[in-house]
Amino acid sequence: MKSTSARPPAAPRRGSPGPRLALVPAVVALLSATACSSADSSGDASADSSTGPAEPTTAVPTGEESATSSSTPESAGTAAAPLELSGGGTTEVCAGKRFPRDLAFFDVSWEAGTDLEFFEIRVDAPEGLRQVVADTLTIPPRNFGGRIAVSGMTAWAERERTLRSPQLALAGGTRLSEESPIEGATGLAVLRLKIDEDALDSASGASFGSVSATYRTVDGETGTVSEPSEVVFRAKGRC
């Protein structure tokens with residue numbers, strides 16, 4: 001994660017840094033699609049969306065994965081960054097005819113290291129798709145500051161059904177533009193992406209390279225943080 005910031009004259013910090021956020025892949029929701037990590041393109045992900053209605057699928061981490069997802073305390077005296085992003089990765093999505101072109105993408109979580117006045121999350125270098133930034137949502141965990149082990153994508157219209165999880169307080173979800181989180185707060189970002197049909201059917205597909213957040217703290221500090229999240233969407237026959 002890369003971070004840049006412009007800091008005004010020092011102001012008193014509020015409290016101690018919040019718990020670190022650890023994200024592991026616990027929910028993957030793909031409608032009529034084949035998604036695979038670039039690290040393992042030989043996986044058992046060959047279902048054809050033309051064979052019938054597709055349901056969101058879930059993947060629960062193994063005991064080993066769960067054991068490695070515990071958070072690591074910060075070194076004494078090390079201040080938390082004002083905002084951190086977690087998640088991302090490299091994914092290729094092989095989209096069938098019923099794969100949603102109006103997509104809810106929830107692969108990145110955030111953690112506030114101080115009280116924030118404002119922050120905004122965008123995909124970087126989009127090709128063949130656009131983000132409806134005003135529709136970006138954030139959903140908190142059931143326990144304040146808790147880790148979030150949920151990620152994936154689904155049709156925008158199906159987001160509430162797909163995101164019903166014991167880890168998430170779905171009723172507490174808000175538009176990100178209305179959020180001013182306090183130190184230690186965490187949340188799952190839900191981005192609305194609209195994929196261009198012509199781009200999907202092209203050799204290069206529709207894609208973006210990373211996810212970035214710009215923020216302003218209540219003390220006036222501003223900055224940007226980024227999380228690599230390379231995602232490519234291609235129509236079946238192109239992947």
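Before reading further, recall that the structure is shown in the block above.
Residues numbered from 1 in each chain as written. Predicted model: local features only at pLDDT ≥ 70, side-chain atom pairs only at ≥ 80, totals over all residues. Heavy atoms only, no water.

Undergrad: Can you explain the nonpolar core? Please cite residues and give values.
TA: In terms of nonpolar packing, the biggest core is built from 33 residues, with I121, F208 and F233 touching the most fellow members. Elements represented by at least two residues in this core include exactly β3 (83-87), β4 (89-95), β5 (102-112), β6 (116-124), β11 (186-195), α3 (197-200), β12 (206-217) and β13 (222-235). (Core = buried A, V, L, I, M, F, W, Y, C linked by side-chain atoms within 4.5 Å. Buried < 20%, exposed > 50% of the residue type's maximum accessible area, 1.4 Å probe, protein only. Helix = DSSP H or I, 4+ residues; strand = E, 2+ residues; numbered from the N terminus.)

Undergrad: For the state of the cysteines, give the residues involved together with the corresponding values.
TA: Applying the stated criterion to the full structure yields 1 disulfide. Disulfide pairing places C94 opposite C239 at an S-S distance of 2.1 Å. On the sign convention where negative is left-handed, the bridge of C94 and C239, at about 80 degrees about the S-S bond, is right-handed. With C94 in strand β4 and C239 in the segment after β13, this residue pair connects regions lying 145 residues apart in the sequence. (Disulfide = S-S within 2.5 Å.)

Undergrad: Outline the side chain of Q131, supporting the account with residue identities and numerical values.
TA: Inspection of the secondary structure assignment puts Q131 in strand β7 (residues 129-131). The exposure class assigned to Q131 is buried, which follows from its relative accessible area of 14%. A distance of 3.0 Å separates a polar atom in the side chain of Q131 from the backbone oxygen of I121. Among the polar contacts made by the side chain of Q131, one reaches the side chain of T136 at a distance of 3.4 Å. Filtering out sequence-adjacent residues up to four positions away, Q131 remains in contact with I121, R122, V123, T136, L191, R192 and L193. (Polar contact = N/O pair within 3.5 Å; in protein donor to acceptor, adjacent residues only side chain to side chain. Contact = heavy atoms within 4.5 Å.)

Undergrad: Describe in detail the environment of A206, supporting the description with residues and values.
TA: Considering the arrangement of structural elements, one finds A206 in strand β12. A relative accessible area of 0% means that A206 is categorised as buried. With 76 residues separating them in the primary sequence, A206 and R130 have C-alpha atoms 9.6 Å apart. Aside from chain neighbours lying at most four places away, what touches A206 is E127, G128, L129, I195, A199, V231, V232 and F233.

Undergrad: Talk me through unusual backbone geometry; I want residue IDs and the actual numbers.
TA: Positive phi, close to 50 degrees, is recorded for A125, a residue that is not glycine. Residue position: A125 is located in the loop between β6 and β7.

Undergrad: Run through the packing of aromatic side chains, naming residues and quoting values.
TA: Taken as a whole, this structure holds 3 aromatic pairs when the rule is applied. Geometrically, the ring pair formed by F99 and F233 is tilted, given 6.0 Å between the ring centres and 40 degrees between the ring planes. Placement of F99 in the loop between β4 and β5 and of F233 in strand β13 is noted, with a sequence separation of 134 residues between them. On the accessibility criterion, F233 (0% relative accessible area) is buried. Ring geometry for F105 against F208: centres 5.4 Å apart, planes inclined by 90 degrees, an arrangement best described as edge-to-face. In this pair, F105 sits in strand β5 while F208 sits in strand β12, placing the two residues 103 residues apart along the sequence. Here F105 matches F208 in class, with each residue buried. (Phe/Tyr/Trp six-rings, centres within 6.5 Å; stacked < 30°, edge-to-face > 60°.)

Undergrad: Tell me what's going on with the pattern of salt bridges, and back it up with residues and numbers.
TA: All told, the structure shown has 8 salt bridges when counted by the stated rule. Each member of the salt-bridge network shares a partner with another, and the members are D102, D135, R175 and R192. (Salt bridge = Lys/Arg side-chain N within 4 Å of Asp/Glu carboxyl O.)

Undergrad: Report on the pairing of β5, specifying residues and quantitative values.
TA: Within β5, 10 of the 11 residues are buried, which leaves it mostly tucked inside the rest of the structure. For β3 and β5, the ladder comprises 5 bridges, and the chain directions are antiparallel. Within β5, the residue paired with S86 across the bridge is S109. For β5 and strand β9 (residues 152-155), the ladder comprises 4 bridges, and the chain directions are antiparallel. Bridge pairing in β9 links F105 to M153. (Pairing = 2+ DSSP bridges.)

Undergrad: Provide a residue-level description of the environment of R101, including the pertinent values.
TA: For R101, the position within the fold is in the loop between β4 and β5. Spatially, the C-alpha atom of R101 lies 7.6 Å from that of E197, the residues being 96 residues apart in sequence. A polar contact is formed between the side chain of R101 and the backbone oxygen of G96, at a distance of 3.0 Å.

Undergrad: Mind laying out the environment of S226, listing which residues take part and the relevant values?
TA: One can find S226 in strand β13. A distance of 2.6 Å separates polar atoms of two side chains, one belonging to S226 and the other to S212.

Read these as spatial facts, not as claims about activity.
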